[in-house]
Amino acid sequence: MHLLNTVAVALTAASTALGAPLVSKRAATVNELVGYGAGTTGGGSGAGTTVTTCDALAAAVKVGGVIKINGMLDGCDIIKIAKGDISILGVGANSGLKNGGFQIRKVSNVIIRNLKLAVAPKGKDLIDIDASTKIWVDHCDFASVGMTGDKDTYDGMLDAKHGSDFLTFSWNKFHDHWKGSLVGHSDNAASEDTGKLHVTYHHNLFENVNSRLPSVRFGTAHVYSSCYNNGPTSGINSRMGAVVFVEENSFTDTQLAIVTDLDSDLEGFASEKNNLYVNSSKRITQTKSLTVPYKYTIDPAASACAIVRKSAGTGVVTF
Ligand SMILES: *[C@@H]1O[C@H](CO)[C@@H](O)[C@H](O)[C@H]1NC(C)=O
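Not measured: the values here are computed from a predicted model.

> How should the overall build of the chain be read in this particular structure?
Helix and strand content of the chain: three helices and 27 strands. The C-alpha radius of gyration computed for the chain amounts to 18 Å, which stays within 12% of the reference 20 Å derived for 319 residues, consistent with globular compactness. Overall, the chain is about 50 × 50 × 50 Å in size when its C-alpha atoms are taken along their principal axes. A buried classification covers 56% of the 319 residues belonging to the chain. Intrachain contacts of the chain at a sequence separation of at least 6 include 65% that bridge at least 24 residues.

> Is there a simple way to explain the sheet that holds strand β7 (residues 108-113) in this structure?
Sheet strands line up and pair through hydrogen bonds in the backbone, either parallel or antiparallel. Read from one edge of the open sheet, 10 strands run β2-β3-β5-β7-β10-β13-β16-β19-β22-β25, paired in parallel fashion. What marks the edges here is a single partner per strand, and that holds for β2 (49-51) and β25 (269-273). Strand-to-strand twist in this sheet, taken as the mean axis angle between neighbours without regard to direction, amounts to 10°. Docked against the sheet, helix α1 (residues 54-63) engages β2, β3 (65-69) and β5 (86-90), running at close to 165° with respect to β3.

> Would you explain the pattern of salt bridges in this entry?
When their charged atoms lie close together, side chains carrying opposite charge are able to pair. Taken as a whole and judged by the stated rule, the model has 13 salt bridges. Among the ionic pairs, R212 bridges to D155, the shortest N-O distance being 4.0 Å. With R212 in the loop between β17 (205-211) and β18 (215-217) and D155 in the loop between β11 (141-143) and β12 (158-161), this pair connects stretches of sequence that are 57 residues apart. Residue R283 is joined to D261 by a salt bridge in which the shortest nitrogen-to-oxygen separation is 3.0 Å.

> Where do I start with the packing of aromatic side chains in this structure?
Taken as a whole and assessed by the stated rule, the structure comprises nine aromatic pairs. Ring geometry for Y224 against Y296: centres 4.9 Å apart, planes inclined by 45°, an arrangement best described as tilted. Here Y224 is found in strand β19 (residues 220-224), whereas its partner Y296 is found in strand β27 (residues 296-298), with 72 residues between them in sequence. Note on Y224: relative accessible area 1%, which makes it buried. Ring centres of F251 and Y277 lie 5.3 Å apart, and the angle between their planes is 10°; on these two criteria the pair is classed as stacked. A residue pair is termed long-range when its members are at least 10 positions apart, and F251 in strand β23 (residues 250-254) and Y277 in strand β26 (residues 276-278) qualify at 26 residues. Clustering of aromatic rings is evident, with ring pairs tying together F142, F174, F206, Y228, F251 and Y277.

> For this particular structure, what's the right way to read the site of the ligand?
The immediate surroundings of the ligand are formed by N230, P232, D253, Q255 and N279. Between the ligand and the protein, one listed contact pairs an oxygen atom with a backbone N or O atom of D253 at 3.2 Å. A distance of 2.4 Å separates an oxygen atom of the ligand from a polar atom in the side chain of N279. With the chains in place, 43% of the 360 Å² that the ligand exposes on its own is no longer accessible.

> How do you make sense of the side chain of S264 when you look at a structure like this?
Its location among the elements puts S264 in the loop between β24 (258-259) and β25. Within the structure, the side chain of S264 is placed 2.7 Å from the side chain of D187, a separation counted as a polar contact. If we ignore the near neighbours within four places in the chain, the residues touching S264 are D187, R217, R239 and M240.

> Hey, could you run me through the environment of A257 in this one?
Residue position: A257 is located in the loop between β23 and β24. Residue A257 is classed as buried on the basis of its relative accessible area of 0%. A sequence separation of 27 residues divides A257 from I284, and the C-alpha atoms of the two residues are 9.9 Å apart.

> What is the right way to read α1 from this model?
Residue pairs spaced three or four apart in an α-helix point in one direction, given the helix's 3.6 residues per turn. Residues of α1 that are buried include every one of C54, L57, A60 and V61, and no others. Looking straight down α1, one finds its buried side chains confined to an arc of 120°; they lie on one side. Residues of α1 that are exposed and angled more than 90 degrees away from the buried face: D55, K62 and V63. Against β2, β3, β4 (72-81), β5 and β6 (96-105) lie the buried residues of α1. After α1 finishes, the residue G64 shows a positive phi value of roughly 90°.

> Could you clarify how one ought to interpret the nonpolar core in this entry?
Across soluble globular proteins, you tend to see nonpolar side chains buried next to one another. One finds L57, F102, I112, I127 and F142 to be the most contacted residues of the largest nonpolar core, which totals 54 residues. Counting 11 residues, the second largest nonpolar core, distinct from the first, contains Y36, L290, V292 and Y296.

Here is what the cut-offs are and how they apply
- Residues numbered from 1 in each chain as written.
- Predicted model: local features only at pLDDT ≥ 70, side-chain atom pairs only at ≥ 80, totals over all residues.
- Heavy atoms only, no water.
- Helix = DSSP H or I, 4+ residues; strand = E, 2+ residues; numbered from the N terminus.
- Rg over C-alpha atoms; globule rule 2.2 N^0.38 Å.
- Buried < 20%, exposed > 50% of the residue type's maximum accessible area, 1.4 Å probe, protein only.
- Contact = heavy atoms within 4.5 Å.
- Pairing = 2+ DSSP bridges.
- Axes fitted to C-alpha atoms, helices over the stretch in contact; angles between N-to-C directions.
- Salt bridge = Lys/Arg side-chain N within 4 Å of Asp/Glu carboxyl O.
- Phe/Tyr/Trp six-rings, centres within 6.5 Å; stacked < 30°, edge-to-face > 60°.
- Near = heavy atom within 4 Å.
- Polar contact = N/O pair within 3.5 Å; in protein donor to acceptor, adjacent residues only side chain to side chain.
- Areas by Shrake-Rupley, 256 points an atom, 1.4 Å probe, with all protein chains shown as cover.
- Arc of directions from axis to C-beta.
- Core = buried A, V, L, I, M, F, W, Y, C linked by side-chain atoms within 4.5 Å.

Dropping the structure here:
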């Protein structure tokens, strides 16, 4: 197979308005699926079913297709998605789950977009992807209670494990929590995870999140044009032979923005290109280059924060 890798670097336009970001012209398309999750079609393009209660949501995910959530549904607990070919979309800027989350298990072809997910049930993830393929999580807002209290009260914001594969996580805001995004849950999962867990993270905001931005064991991750602010412990953590390629990201106040020798029995690999570091550190102990098998458009690190603050999260792509 011939792997194509065409990268268009945006020519940035300087804004002269006082106080405006110096460079913020966006080249990447906001409403487009790019990366390892490409080809995910979810529930297709129909109008679908709109739900306004937890019971209706739980019933709708058993049927599949396009499901629109209208409003913040409180106390749904974990909604189990056990049927593929499904899209779960938020209506407007303020729809999603409060005190709830999703578990996507043993399915393929799932799209989740434009949802606010704030505070998982105790001990649980906001989105947990298990043994599933072709998942696109886009323009969501993941939040919790901040870096306060016991860091294990809640689990991750967007985790993928048990041999999940072909994932794109784009234009999301992850903020105010201990644990960001875990890819590969255990050093002992080599048999199910080796050669799997391909994930693209692009145009995400990680702000006030302690670690796992993301953490990747065994897998392959491409992280580009994202904005990192205040990560006090570790950022992109490559473990157990994982390969991460990190390009055109802006790191501010982020400790170990990229690290390859933390927390696991075996080290990971990293390569990086054109990242911006302000009061941020990194420790790459072994490098390996990654050529991704898709086309993508990067925005330069100097513009990443302005772009992502404006165009990531909910209310940008609406349904
Ligand atoms: C540098 O970043 C750390 C977080 O990693 C933060 O606690 C500290 O206040 C920052 N220092 C400055 C001078 O901004």
